[in-house]
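Inside the fold
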Amino acid sequence: MNLNILYEDQHIIVVVKPSGILSQEDATKDKDMLTIIKEYIKINENKPGNVFLGLVHRLDRMTSGIMVFAKRSKAAAKLQKQIEEKKFKKSYIALLEGKINNCGHLENYLIKNEKEVKSYVTSKSNGKLAILDYELIEYINNTSLVKINLLTGRHHQIRVQMANINHPLVGDTLYGSKAKNNLKLHAYKLEFMHPMTNEPLIFENYPNWLNGGK
């Protein structure tokens, strides 16, 4: 797989994950970004033995978009701290079924069913709080193109919360979409401080399907 690298130095590497590729290896043993990037570093930097690469955040298999990986353990720890302190910002672009309001704020409690690998909206007593904000970009036929700011990081959060207000993501058959094409969800913007220099970093990347691609 040809890596789409947005930025790289001795401490971090920022890449675009395609839809259908795992962030990290699971029981399926299918392709995953962590292994692919380790192989790239091993060859590119001519490193013998095992290559360290820190996975500090994840994207769902069918979600595409920007990810940052740490090439040093110290960088990984500092990025993880930014996530814990909510200084690490991820923004998404999504295509929803139907026509949604111009903007909105969603708060729900979610619970994950491990057997189904699916999450549900539930009560406060047995769920985890999930928060996001969305903003309409434009209507396209009977769909809504929106930007989403994720304020918490729950399993399938965007997919569950949007389906819960009767606007499932286009292509998300698991949560009620009628479309059979690829899931239209892309992490288009990533903002954080460089773990070693504290320089503010902002990366943007837009999905091919915005230009009529699949």
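The preceding data block contains the structure.
Since the structure is predicted, the reported quantities are computational estimates derived from the model, not experimental observations.

Notes on the overall build of the protein
The number of helices and strands found in the protein is three helices and eleven strands. Put simply, the protein runs from its N terminus to its C terminus through helices and strands in the order β-β-α-β-β-α-β-β-β-β-β-α-β-β. By the compact-globule yardstick of 17 Å for 214 residues, the protein fits well, its C-alpha radius of gyration being 18 Å. The principal-axis extent of the C-alpha atoms belonging to the protein is close to 50 × 40 × 35 Å. Scored against the burial criterion, the 214 residues of the protein give a buried share of 46%. By sequence separation, contacts in the protein at least 24 residues apart represent 61% of the contacts at least 6 residues apart. For the protein, the computed accessible surface area is about 11500 Å², with 48% contributed by carbon and sulfur atoms.

Quick look at the side chain of His194
Inspection of the secondary structure assignment puts His194 in the loop between strand 10 (185-193) and strand 11 (200-204). Here His194 falls in the buried class, since its relative accessible area comes to 3%. Within the local environment of His194, its side chain forms a polar contact with the backbone nitrogen of Thr197, the two atoms lying 3.3 Å apart. Filtering out sequence-adjacent residues up to four positions away, His194 remains in contact with Tyr7, Asp9, His11, Ile12, Glu199 and Leu201.

With respect to the pattern of salt bridges
In the structure shown here, the tally under the stated rule is ten salt bridges. For Glu45, the salt bridge identified is with Lys71, shortest N-O distance 2.7 Å. Taken together, the positions of Glu45 in the loop between helix 1 (33-44) and strand 3 (54-55) and Lys71 in the loop between strand 4 (64-70) and helix 2 (73-84) put the pair 26 residues apart, joining distant regions of the chain. On the basis of relative accessible area, Glu45 is assigned to the partly exposed category, the value being 31%. Assessed through its relative accessible area of 5%, Lys71 is described here as buried. Taking the shortest distance from any N to any O, the salt bridge between Glu114 and Lys112 comes out at 3.7 Å. We classify Glu114 as exposed; its relative accessible area is 57%. One connected set of salt bridges, linked through shared partners, spans Glu8, Glu45, Lys47 and Lys71.

With respect to the nonpolar core
Core analysis: the biggest nonpolar cluster contains 32 residues, and Ile37, Phe69, Ile148, Ile158 and Met162 have the highest contact counts within it. At the level of secondary structure, the elements contributing two or more residues to this core comprise strand 2 (12-17), helix 1, strand 4, strand 5 (89-97), strand 8 (128-140), strand 9 (143-150), helix 3 (157-164) and strand 10. Ranked by residues supplied to this core, first place goes to helix 1 with five residues. Setting aside its immediate chain neighbours within four residues, Phe69 contacts His11, Ile12, Ile13, Val15, Met33, Leu34, Ile37, Leu53, Gly54 and Leu55. Membership of the second largest hydrophobic core comes to 14 residues, among which are Val14, Val68, Leu190 and Phe203.

Overview of the side chain of His57
Tracing the backbone shows His57 in the loop between strand 3 and strand 4. At 3.0 Å, the side chain of His57 and the backbone nitrogen of Val68 are in polar contact.

What to know about the packing of aromatic side chains
Each aromatic ring pair is summarised here by two numbers: the centre-to-centre distance and the angle between the ring planes. In total, this model carries four aromatic pairs according to the counting rule given. Relative to Phe203, the ring of Tyr7 has its centre 5.8 Å away and its plane inclined at 50°; by these criteria the two rings are tilted. Of this pair, Tyr7 sits in strand 1 (residues 4-8) while Phe203 sits in strand 11, and the two are 196 residues apart along the sequence. Relative to Tyr206, the ring of Tyr188 has its centre 5.2 Å away and its plane inclined at 35°; by these criteria the two rings are tilted. Of this pair, Tyr188 sits in strand 10 while Tyr206 sits in the segment after strand 11, and the two are 18 residues apart along the sequence. You can call Tyr188 buried: its relative accessible area is 5%. Residue classification places Tyr206 among the partly exposed positions, given a relative accessible area of 39%.

About the thresholds
- The numbering scheme is per chain: residues are counted from 1 as the chain's sequence reads.
- Per-residue local features are limited, in this predicted model, to residues with pLDDT of at least 70; the limit for side-chain atom pairs, both in listing and counting, is 80 or more; totals at the level of whole chains, interfaces and linings are taken over all residues.
- Here the side-chain values reflect all heavy atoms present in the structure, with hydrogen atoms and water set aside.
- Here a strand is any run of E in DSSP of at least two residues, a helix any run of H or I of at least four, and the numbering for each starts at the N terminus.
- Each radius of gyration is computed over the set of C-alpha atoms, and the globule rule expresses the reference value as 2.2 Å times the number of residues to the power 0.38.
- The buried label goes to any residue with under 20% of its type's maximum accessible area, the exposed label to any with over 50%, and the partly exposed label to all in between, with areas taken from a 1.4 Å probe on protein chains only.
- Throughout, a residue-residue contact means that at least one pair of heavy atoms, one from each residue, lies within 4.5 Å.
- Using a 1.4 Å probe, accessible areas were evaluated by the Shrake-Rupley method; residue-level cover was limited to the displayed protein chains.
- Any pair of N or O atoms that falls within 3.5 Å is considered a polar contact. Within protein, one atom must be able to donate a hydrogen and the other to accept it, and sequence-neighbouring residues count only if both atoms are side-chain atoms.
- Here, a salt bridge means any side-chain nitrogen of Lys or Arg that lies within 4 Å of a carboxyl oxygen of Asp or Glu.
- Only buried residues count toward a nonpolar core, which is a set of Ala, Val, Leu, Ile, Met, Phe, Trp, Tyr and Cys residues joined through side-chain atoms within 4.5 Å.
- Centres within 6.5 Å are what make two rings of Phe, Tyr or Trp a pair, Trp counting through its six-membered ring; a difference in plane orientation under 30 degrees is then read as stacked, over 60 as edge-to-face, and the rest as tilted.

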